[in-house]
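# Breakdown of the fold
Now for the letters of each chain:
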Amino acid sequence: MAVEVRVPFDEVRGVFLQQNPDPAFRSTRYALGLLEAADRRFGSWFKVTLSSEDVPGVMLPPHREGDFELIPPSGLRVSEVVSRVDLLPPVHVCRQRIEDVSRDPLSAVFLSAAPLDDPAYSDYRDLVKRGYKGLTHLDGLHRLIAWARLGSSGITAYVAGIVGP
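Throughout what follows, the structure given in this document is the object of discussion.

So, how was this worked out
Residues numbered from 1 in each chain as written. Predicted model: local features only at pLDDT ≥ 70, side-chain atom pairs only at ≥ 80, totals over all residues. Heavy atoms only, no water. Helix = DSSP H or I, 4+ residues; strand = E, 2+ residues; numbered from the N terminus. Rg over C-alpha atoms; globule rule 2.2 N^0.38 Å. Buried < 20%, exposed > 50% of the residue type's maximum accessible area, 1.4 Å probe, protein only. Arc of directions from axis to C-beta. Contact = heavy atoms within 4.5 Å. Core = buried A, V, L, I, M, F, W, Y, C linked by side-chain atoms within 4.5 Å. Axes fitted to C-alpha atoms, helices over the stretch in contact; angles between N-to-C directions. Parallel < 35°, antiparallel > 145°, perpendicular 65-115°, else oblique. Left-handed = near helix turned anticlockwise from the far one by under 90°. Nonpolar A, V, L, I, M, F, W, Y, C, P; charged D, E, K, R; others polar. Pairing = 2+ DSSP bridges. Salt bridge = Lys/Arg side-chain N within 4 Å of Asp/Glu carboxyl O.

The next subject is the overall build of the protein. Secondary structure summary: the protein contains 6 helices and 9 strands in total. Compactness check: the protein gives a C-alpha radius of gyration of 15 Å against a globular reference of 15 Å for 165 residues, within 12% of the reference. Once the C-alpha set of the protein is aligned to its principal axes, its extents read approximately 40 × 35 × 35 Å. For the protein, the proportion of its 165 residues judged to be buried stands at 45%.

In structure tokens form, the structure reads like this:
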């Protein structure tokens, strides 16, 4: 991971809202809340570039869509989720989303240096309980999985809580 520069939260919020222009969507409101909680918890943000070696190691929180649990409550690294995508039916919304974003241009993802320890965001509870420390997803789950499958690099990420230049 190449740390480029420390950035203010207003820039992080601006990039997020540019990529997610409709705050009426429940998922957009939820993700923006995660970013705000990460800002309160960590207090600093850095713009970084992720390599193809960095992406597989990012920790993902639980993710269930319909009857299929793509990621259990304990969380999984991107590398562990990649093979699970093949278990999804071809018409499953997660599989479709992963396939769609794999054709899109790279866009920013949002991470934190450790899982959020915030009662409002229980998705991270098991990761916090087990003492996990490391890059953790805040927004861009399907994109991270798609890019890991492709071996993409040069991905811009905004990370809360790391020490930069």
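Every buried residue belonging to helix α4 (residues 93–101) is among Cys-94, Arg-95, Ile-98 and Val-101, and all of these are buried. All buried residues of α4 lie within an arc of 140° about the axis, which places them on one face of the element. For α4, the elements touching its buried residues are β4 (63–65) and α6 (141–150).

One can find His-63 in strand β4. Of the residues examined, His-63 reaches a relative accessible area of 16% and is grouped as buried. Every residue in contact with His-63, bar those within four places of it in the chain, is listed here: Phe-68, Glu-69, Leu-70, Ile-71, Cys-94, Leu-141 and His-142.

Counting residues in each nonpolar core, the largest one holds 29 residues, and the members touching the most others are Leu-50, Leu-60, Val-109, Leu-111, Leu-144 and Ile-145. With 5 residues, the top contributor of residues to this core is α6. Here Leu-50 is in contact with Met-1, Val-55, Val-109, Leu-111, Leu-135, Ser-153, Gly-154, Ile-155 and Ala-157, once residues within four sequence places are set aside. In terms of nonpolar packing, the next biggest core, distinct from the first, is built from 25 residues, Met-59, Phe-110, Tyr-124 and Leu-138 among them.

Below, the discussion takes up the packing of helix α1 (residues 9–19) against helix α2 (residues 26–42). Contact geometry for α1 and α2: axes closest at 11 Å, N-to-C directions at 165°. Between α1 and α2, the angle falls in the class roughly antiparallel. Once α1 is placed against α2, the crossing between them reads as right-handed. Residues Phe-9, Val-12, Arg-13, Phe-16 and Leu-17 of α1 lie in contact with α2, whose contacting residues are Thr-28, Ala-31, Leu-32, Leu-35, Glu-36 and Asp-39. A class-by-class count of the residues in the contact of α1 with α2 yields 7 nonpolar, 1 polar and 3 charged.

What follows is about the pairing of strand β9 (residues 155–160). Here β9 lies mainly inside the structure; 5 of its 6 residues are buried. As defined by bridge partners, strand β7 (residues 109–112) adjoins β9 across 4 bridges and the pair is classed as parallel. In the sheet register, Val-109 faces β9, and the bridge partner there is Ala-157.

So, on to the pattern of salt bridges. By the definition in use, this model includes 7 salt bridges. One salt bridge connects Arg-64 with Glu-69, and the closest N-O pair in it is separated by 3.6 Å. Between Arg-95 and Glu-99 there is a salt bridge whose closest N-O contact spans 3.2 Å. Of this pair, Arg-95 and Glu-99 both sit in helix α4, 4 residues apart, roughly one helical turn.

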